[in-house]
Amino acid sequence: MFGYISPDTPYLFKKDETLYKSLYCGLCKGIGAGCGLAARTALTYDVAFMSALVHNIKGEDVKIERARCFLHLIKKRPIAAADETTVALGCVNTALAYFKLCDDKADGDKKGILRHLYKKGYKKTLKKFPEIAEIIKRQTEEQAKLEKANCVVIDMAAEPSANMLRDISKVVLKEFSNAATENLFYAIGKWVYLIDALDDYDKDVKKGKYNVLFNVYGEKCKAEAVKKGEKELTFIFDILFAEMRDNLFKIKFNFNHDLTDNIILRGIPLKTRTLFYGGCAKCKGGKKGEKHEQKES
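All residue numbers here refer to positions counted from 1 along the written sequence of the relevant chain. The predicted origin of the model limits local features to residues at a pLDDT of at least 70 and limits the giving and counting of side-chain atom pairs to 80 or more, whereas totals for whole chains, interfaces and linings rest on all residues. As a rule here, side-chain values come from all non-hydrogen atoms in the structure, and water together with hydrogens is ignored.

Colleague: What's the story with the side chain of Lys-222 in this structure? I'm lost.
Modeller: To qualify as a helix, a DSSP run of H or I must reach at least 4 residues; to qualify as a strand, a run of E must reach at least 2; elements of each kind are numbered from the N terminus. With respect to the helices and strands, the residue Lys-222 is situated in helix H10 (residues 222–248). Here Lys-222 sits buried without a salt bridge, and the closest side chain of opposite charge, Asp-199, lies 5.6 Å off (N-O distance). By the criterion applied in these results, polar contacts are pairs of N or O atoms within 3.5 Å in which, for protein atoms, one can donate a hydrogen and the other can accept it, and in which residues neighboring in sequence qualify only through two side-chain atoms. Within the local environment of Lys-222, its side chain forms a polar contact with the backbone oxygen of Leu-275, the two atoms lying 2.7 Å apart. When a residue's accessible area, from a 1.4 Å probe over protein chains only, is under 20% of the maximum for its type it is buried; when over 50% it is exposed; and in between it is partly exposed. The convention is simple: Lys and Arg are positive, Asp and Glu are negative, and His and the chain ends are not counted. When a carboxyl oxygen of Asp or Glu lies within 4 Å of a side-chain nitrogen of Lys or Arg, that pair is called a salt bridge.

And the structure:
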């Protein structure tokens, strides 16, 4: 997970915003309980979203208390209690951060040195949840093989990320896992990989790093690659949105699911449009981060 999963805030109810932030703080507590204090620095809203989804599907009510934390000592804030699910997802968060930085190190990125911050946390994950650690390790290695082979097939390059999130969901959901939940997490995992490739396109080209979209379209900047592959990429993302939507409606939720509906049905498409139609600073297509309206399909 790379920090791309977020709600469409103007359409988010206040109660759901409070829940989301509470789950985020609760995940921080869960990471501390499962992997140690240093691992908390890798905290992401992506896994907080997973926490909302998993708790609801499993029917585990979230206990929220007003409390202080290390970063907010003066004013108490709503924080979700760290239960077994939260600790497991905290370990997922830590292992993902550790292997992402190991990959950065292998690519010669200076950020890779930060992997030592999460090495102890990863070892604790290996001890507490060996199946989760093995899934992330195996799929990361599969990803590395595809990159080393200079894979030029978009769907194939995104497969390890999709398989990883699907398999993690099976572990954390346990008996609540079914075809709909597996397909939902699979589609989200594939979307995360592709949106990361899109977001990092210009940076990867500049540094000479692997990027499947560059391999396919061969353009020197993201805006030109999107222009060249617009029909194909739009089709791929639309298929993923449809998969998420269809499987979401097949899942039985035990509580109100306005928060996760907002993120999946509005937040993910919004993030896609923002990155898809944002130009880059060096091309005539527009300034970096500029937003354009999505064309009607």
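Colleague: Help me understand the environment of Val-226 in this model?
Modeller: Mapped onto the elements of the fold, Val-226 is located in helix H10. For Val-226, a relative accessible area of 6% puts it in the buried group. For the pair Val-226 and Tyr-277, spaced 51 residues apart in sequence, the C-alpha to C-alpha distance is 7.9 Å. A contact between two residues is defined here by any heavy atoms of the two lying within 4.5 Å. Those residues within four positions of Val-226 in sequence are excluded, and the remaining contacts are Leu-198, Leu-233 and Phe-276.

Colleague: Help me out: how do you make sense of the environment of Val-62 in this one?
Modeller: Take Val-62: it is sitting in the loop between helix H2 (45–58) and strand E1 (64–69). Spatially, the C-alpha atom of Val-62 lies 9.3 Å from that of Ser-22, the residues being 40 residues apart in sequence. Those residues in contact with Val-62 that lie beyond four places of it in its chain are Leu-23, His-55 and Ala-80.

Colleague: Mind showing me how you'd approach the packing of aromatic side chains here?
Modeller: Aromatic ring pairs are described here by two measures, namely the spacing of the ring centres and the angle between the planes. The rule is short: rings of Phe, Tyr and Trp, with Trp giving its six-membered ring, pair when the centres are within 6.5 Å, and they are stacked under 30 degrees, edge-to-face over 60, tilted in between. Counted by the stated rule, this structure contains 9 aromatic pairs. Ring plane angle 45° and centroid distance 5.0 Å describe the contact between Tyr-20 and Tyr-45, whose orientation is recorded as tilted. Taken together, the residues span a long stretch of sequence, with Tyr-20 in helix H1 (residues 14–35) and Tyr-45 in helix H2 at a distance of 25 residues. On the accessibility criterion, Tyr-20 (5% relative accessible area) is buried. Note on Phe-237 and Phe-241: the rings are 6.4 Å apart at their centroids and 25° apart in plane angle, and the pair reads as stacked. Pair noted here: Phe-237 and Phe-241 are both in helix H10, with a separation of 4 residues, about one helical turn. Each member of the pair, Phe-237 as well as Phe-241, carries the same accessibility label: buried.

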